[in-house]
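Remarks on the overall topology
This is what each chain is made of:
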Amino acid sequence: MLTGMYSSIPTTGIKEKVISFIWQHMLLLISLYLMTLGVVFCVKSCLGSSVISSLPFVFSLAGMDGKVPGLTIGGYTIVMNFILVLCQMLILRGRFDPMQLFQLVIGFVFGWLIDVNMMLTSGLHCDTLFSQLIVQAIGCTVMGIGIAFEVRCGSVTMPGEGISIVVSQVVQRPFAKVKIWVDTTLVLLAIVSCYLFFGSWQWNVIGVGTLFAMIYVGLVVKFMTPHLGWFDRLLGYIPGFRRYLFGLARFIYRHGSRSE
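A brief report on the enclosed structure follows. Everything numeric in this text was worked out from a predicted model, so none of it was measured.

Take unusual backbone geometry next. One non-glycine residue, Cys-46, lies in positive phi territory at about 65°. Phi is positive for Gln-172, which is not a glycine, with a value near 55°. Looking at the secondary structure, you find Gln-172 in the loop between helix 7 (159-171) and helix 8 (175-198). According to the relative accessible area criterion, Gln-172 is exposed, its value standing at 67%.

Let us now look at the packing of aromatic side chains. Taken as a whole, this structure holds 5 aromatic pairs when the rule is applied. Where Phe-59 meets Phe-197, the ring centres are 5.2 Å apart and the plane angle is 80°; that geometry is what we call edge-to-face. Taken together, the residues Phe-59 in helix 3 (residues 51-64) and Phe-197 in helix 8 connect sequence positions 138 residues apart. Of the residues examined, Phe-59 reaches a relative accessible area of 24% and is grouped as partly exposed. The exposure class of Phe-197 is buried, given its relative accessible area of 14%. Every member of this aromatic cluster is reached through a ring pair, and the members are Phe-59, Tyr-76, Phe-197 and Phe-198.

So, about the pattern of salt bridges. As enumerated under the stated definition, the model contains 2 salt bridges in all. Two residues, Lys-179 and Glu-161, come together in a salt bridge whose shortest N-O distance is 3.0 Å. Taken together, the residues span a long stretch of sequence, with Lys-179 in helix 8 and Glu-161 in helix 7 at a distance of 18 residues. Overall, the relative accessible area of 18% leaves Lys-179 in the buried class. In this structure, Asp-183 and Lys-179 form a salt bridge, with 3.3 Å as the shortest nitrogen-oxygen distance. Placement of the pair is Asp-183 and Lys-179 together in helix 8, with a separation of 4 residues, close to one helical turn. Using a relative accessible area of 17% as the deciding quantity, one classes Asp-183 as buried. What emerges from the salt-bridge pattern is a single network uniting Glu-161, Lys-179 and Asp-183.

Cut-offs used in this document
- Residues numbered from 1 in each chain as written.
- Predicted model: local features only at pLDDT ≥ 70, side-chain atom pairs only at ≥ 80, totals over all residues.
- Heavy atoms only, no water.
- Helix = DSSP H or I, 4+ residues; strand = E, 2+ residues; numbered from the N terminus.
- Buried < 20%, exposed > 50% of the residue type's maximum accessible area, 1.4 Å probe, protein only.
- Phe/Tyr/Trp six-rings, centres within 6.5 Å; stacked < 30°, edge-to-face > 60°.
- Salt bridge = Lys/Arg side-chain N within 4 Å of Asp/Glu carboxyl O.

See the structure below:
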């Protein structure tokens with residue numbers, strides 16, 4: 001019986017671990033949503049997208065012209081994340097930890113959420129420089145908050161961070177420096193793609209907003225990190241949550257037994 005099964009599990013055992021796992025990844029999902037919302041605001045500002053979305057943005061615009069497959073920004077973000085994980089596998093070969101394949105799931109959700117937020121903000125248009133600046137600032141701030149939360153979750157890393165960690169280990173250089181190299185490489189690839197597809201620099205894709213995002217987002221993360229003690233408490237056990245979850249399961253089971 002369901003009741004007997006649950007009561008036989010130690011209070012400090014599997015139930016707490018399962019609930020902690022679910023809760024941690026619910027918070028990770030919220031973090032990813034904030035990050036992608038920030039990405040979308042930067043795209044909508046037309047002052048320059050964030051680093052992580054610059055290359056997918058170029059390809060999505062090229063797709064509208066029929067020069068490449070017509071995927072969305074989120075779709076090309078998913079493709080890019082898969083490639084970044086593949087690069088990790090090729091670099092590490094037999095040393096690649098299979099658990100890091102969960103980066104594919106995170107990368108897929110990240111791209112999907114970008115498209116969701118693009119749809120939810122479809123009515124947002126920046127017609128003046130002031131509105132562009134405001135939207136860009138909001139986007140970078142929200143993105144920085146999301147990144148701070150995502151790092152605090154301590155779950156599987158994003159593929160962009162994953163490739164930086166791998167390269168850092170191989171070349172034995174600090175992660176921060178390698179992260180700058182990776183971000184710079186993505187921006188350079190986006191610039192090359194602009195000239196390849198359109199023959200000119202696309203300032204709405206890679207502009208002053210991109211440079212602003214590269215500097216300001218890091219400052220937001222640095223500012224937020226010391227003030228996330230309350231977020232750490234959310235990651236821990238929440239009184240009453242376990243009783244609610246398993247109490248609901250018992251109620252459903254008993255109600256089903258009476259119906260029979």
